[in-house]
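Understanding the architecture of this molecule
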Amino acid sequence: MSDLHPVLRDLPAVDRLLQEPALAELLERMPRRLILAAAQETLQGCRRRLLAGRDETGAGGAGPDLSPAVLAREAAELALSRARPGLRPVINATGVVLHTNLGRAPLAASAAEAVAGIMEHYCNLEIDLGKGVRGSRQAHLERLLCMLTGAEAAVVVNNNAAAVFLMLNSCAADKEVIVSRGQLVEIGGSFRLPEVMAASGVRLVEVGTTNKTYRHDYEAAIGEDTAALMKVHTSNYHLIGFTASVEAAELVSLAHARDLLAFEDLGSGLLLDLTRHGLPPEPRVQDSIAAGMDLVAFSGDKLLGGPQAGIIVGRRELIQKICANQLARVMRVDRLAVAALEATLRLYLDEERAVREIPAWRALTVPLPRLQERAEALAAALRESFGEEGINLWEGSSRVGGGAVPTAELPTVLLSLQSPHLETAALAGRLRCGDPPVVVRVQQERLLLDLRTVYPEQDGLLLKAILEAGEKRQS
Ligand SMILES: *Cc1c(COP(=O)(O)O)cnc(C)c1O
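Attention in this report is confined to the structure presented alongside it. (Residues numbered from 1 in each chain as written. Predicted model: local features only at pLDDT ≥ 70, side-chain atom pairs only at ≥ 80, totals over all residues. Heavy atoms only, no water.)

1. Structural notes on the overall build of the protein chain
Within the protein chain, the regular secondary structure consists of 20 helices and 18 strands. Its C-alpha atoms give the protein chain principal-axis dimensions of roughly 85 × 55 × 50 Å. A burial count over the protein chain gives 48% of its 475 residues as buried. Look at the contacts in the protein chain between residues 6 or more apart in sequence, and 74% of them connect residues 24 or more apart. Total accessible area on the protein chain is roughly 23700 Å²; 51% of this is exposed by carbon and sulfur atoms. Here the protein chain contributes 51 positive and 59 negative side-chain charges, whose respective centroids are spaced 3 Å apart. (Helix = DSSP H or I, 4+ residues; strand = E, 2+ residues; numbered from the N terminus. Buried < 20%, exposed > 50% of the residue type's maximum accessible area, 1.4 Å probe, protein only. Contact = heavy atoms within 4.5 Å. Areas by Shrake-Rupley, 256 points an atom, 1.4 Å probe, with all protein chains shown as cover. Lys, Arg positive; Asp, Glu negative; His and termini not counted. Charge placed at Lys NZ, Arg CZ, Asp CG, Glu CD.)

2. Observations concerning helix α13 (residues 316-324)
Within α13 the residues assigned to the buried category are Leu318, Ile319 and Ile322. Down the axis, α13 shows its buried residues gathered within 100 degrees of arc, on one side only. Turned more than 90 degrees off the buried face of α13, the exposed positions are Glu317 and Ala324. Contacts from the buried residues of α13 go to β5 (153-157), α8 (160-172), β11 (261-267), β12 (295-299), β13 (310-314) and α14 (326-330). (Arc of directions from axis to C-beta.)

3. Here's the deal with the site of the ligand
Surveying the vicinity of the ligand reveals the residues Arg104, Asn159, Asn160, Ala161, Ile187, Phe191, His233, Ser235, Asp265, Gly267, Ser299 and Lys302. Here an oxygen atom of the ligand and a side-chain polar atom of serine 235 are 2.5 Å apart. A distance of 2.7 Å is found between an oxygen atom of the ligand and a side-chain nitrogen or oxygen belonging to lysine 302. Summarising the interface, the protein chains cover 94% of the accessible area of the ligand, which totals 380 Å² for the free molecule. Listing elements by their share of the shell around the ligand, those giving two or more residues are α8 and β11. Classifying every residue of the shell around the ligand gives three nonpolar, six polar and three charged. (Near = heavy atom within 4 Å. Polar contact = N/O pair within 3.5 Å; in protein donor to acceptor, adjacent residues only side chain to side chain. Nonpolar A, V, L, I, M, F, W, Y, C, P; charged D, E, K, R; others polar.)

4. Considerations on the sheet that holds strand β17 (residues 441-443)
The strand order β2-β14-β15-β18-β17 describes an open sheet built from five strands, whose pairing is mixed. For this open sheet the edge positions go to β2 (96-98) and β17, each flanked by a neighbour on one side alone. Across the sheet, the mean angle from the axis of one strand to that of its neighbour is 40 degrees, orientation sign disregarded. Pairing analysis gives two bridges linking β2 to strand β14 (residues 391-401), with the strands arranged parallel. Considered in β14, the bridge of valine 96 is made with arginine 399. (Pairing = 2+ DSSP bridges. Axes fitted to C-alpha atoms, helices over the stretch in contact; angles between N-to-C directions.)

5. Describing the packing of aromatic side chains
Under the counting rule described, the total for this entry stands at zero aromatic pairs. Sitting over the face of the ring of tyrosine 455, arginine 362 holds its NZ or CZ atom 5.6 Å from the ring centroid. (Phe/Tyr/Trp six-rings, centres within 6.5 Å; stacked < 30°, edge-to-face > 60°. Lys NZ or Arg CZ within 6 Å of the ring centre and 35° of its normal.)

6. Points about helix α5 (residues 68-83)
Since there are 3.6 residues in each turn of an α-helix, residues three or four apart along the chain are aligned in direction. Its 16 residues give α5 an end-to-end C-alpha distance of 22 Å, which sits within 8% of 22 Å, the value for a rise of 1.5 Å per residue. For α5, the set of buried residues is Leu71, Ala72, Ala75, Ala76 and Ala79. End-on view of α5: buried residues confined to an arc of 145 degrees, all on one side of the axis. Pointing more than 90 degrees away from the buried face of α5 are the exposed residues Arg73 and Glu77. (Expected span 1.5 Å × (residues − 1).)

7. Here we look at the packing of helix α4 (residues 32-52) against α5
With their axes 8 Å apart at the nearest point, α4 and α5 run at an angle of 125 degrees to one another. Regarding the angle of α4 to α5, the classification is oblique. Crossing handedness for the pair α4 and α5: right-handed. Contacts from Leu34, Ile35, Ala38, Ala39, Glu41, Thr42, Leu43, Cys46 and Arg49 in α4 reach Leu71, Glu74, Ala75, Leu78, Ala79, Arg82 and Ala83 in α5. Among the residues forming the contact of α4 with α5, the class breakdown is eleven nonpolar, one polar and four charged. (Parallel < 35°, antiparallel > 145°, perpendicular 65-115°, else oblique. Left-handed = near helix turned anticlockwise from the far one by under 90°.)

8. Details of empty space enclosed by the protein
Applying the stated criterion across every chain yields a total of one cavity of 30 Å³ or more. Of the voids in this model, the largest cavity is the one considered here, and its volume is about 40 Å³. Lining the largest cavity we find Leu272, Arg276, His277, Glu351, Glu352 and Val355. Along the lines of polarity and charge, the residues of the lining of the largest cavity split into two nonpolar, one polar and three charged. (1 Å grid on protein atoms, 1.4 Å probe; cavity = no way out; pocket = protein on both sides within 12 Å on 5 of 7 lines; lining within 4 Å. Points joined across faces, edges and corners; volume = space filled by probe spheres on them.)

In structure tokens form, the structure reads like this:
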């Protein structure tokens, strides 16, 4: 014990900390094990700091305050933060509409209500109420999906990565599938098409070059073992300059002329015409079905604006094959996603309603003057705290995100904030750790807020969060 760091001996015991008012009070309203763990963690952290930085407490320095009261307060703060739910709503002030790290598409109110309505109750997930026999969870979605896309049949699984995997595994295992080299995408670091294809048991045959692939490239690669030609939407990049690719209808005509299947991984599940809203064109699901694709896979939580899901639409016999695959059971959707997706799809029966009520679409279509107005109001309310120089409004652009329309720049108004006494990174950090947390953009040492992705009813909360984060205080 003699070589024990002198101050370590002075650290109070856990039991002693628990007697301090700061923790004793918490014990009355919080699980004991949460508080005990926080006290132990605080002491451990303290021990580690002391051992790592002896000089800090060496000769001359008064040393850190290790009194039970101070440590108990630190532990209480830790316990309080641990008692909050880990997953919480945040204010997205980044202007990235479909932000994968922020949960991608927020649900429409009617979809959230649908989830809430079945969450605590039994439901008819797999019972045909009319006939009183076992039903399918897919039935709640299939009719709507067919109506909206023009497909014969549909099946929904956990996400689009699963959908693509299942489509290939069910309809082309041990065979070859031909894909253009210009379309071998990686999405979000974890979906790499060549690897998903290999894992699904199909052999990828790459054709063409990075920038140009022609009909004859596919044609020359077709052999005895070929099962399908597949088109993959280059969701998160665009080829510009000298490029060539084969349109869906042409790929389909080639595939069918040679008795092969035509698949498409569309990525974002777009059902609306983007150009009607001033955005660059993107392929819609119904266009791919109309072009004759046998199977089309897409996400539920990108431009569709629903829950995480992977949707496959197409020919009935192929969808039946997919449903019969044991792996479909491994990747099946849960009833909360079924409820949310059904309600989201229902909104699309009336396009105007979909645009008005799906948060991602509301964000994509909010008029610029409205953003300007709100940004000006926020700036005015912040002037007193941040000063005239601390606040600026800039012209900028928002992003669609979520692997969709990568080059689209949506004109927006950016509110740039600079605190008179805090570094940009510190202010951004405080905003992230606030309640509710606010996630902002930091660009070239500037903190930027884009109100496009902030719900108008959150403006007051956002103002309060910024004022709190900007206050003078320690840490
Ligand atoms: C986003 C995307 C995926 C993956 O979809 P998840 O729903 O995230 O699993 C697959 N392919 C393409 C082309 C995509 O854009």
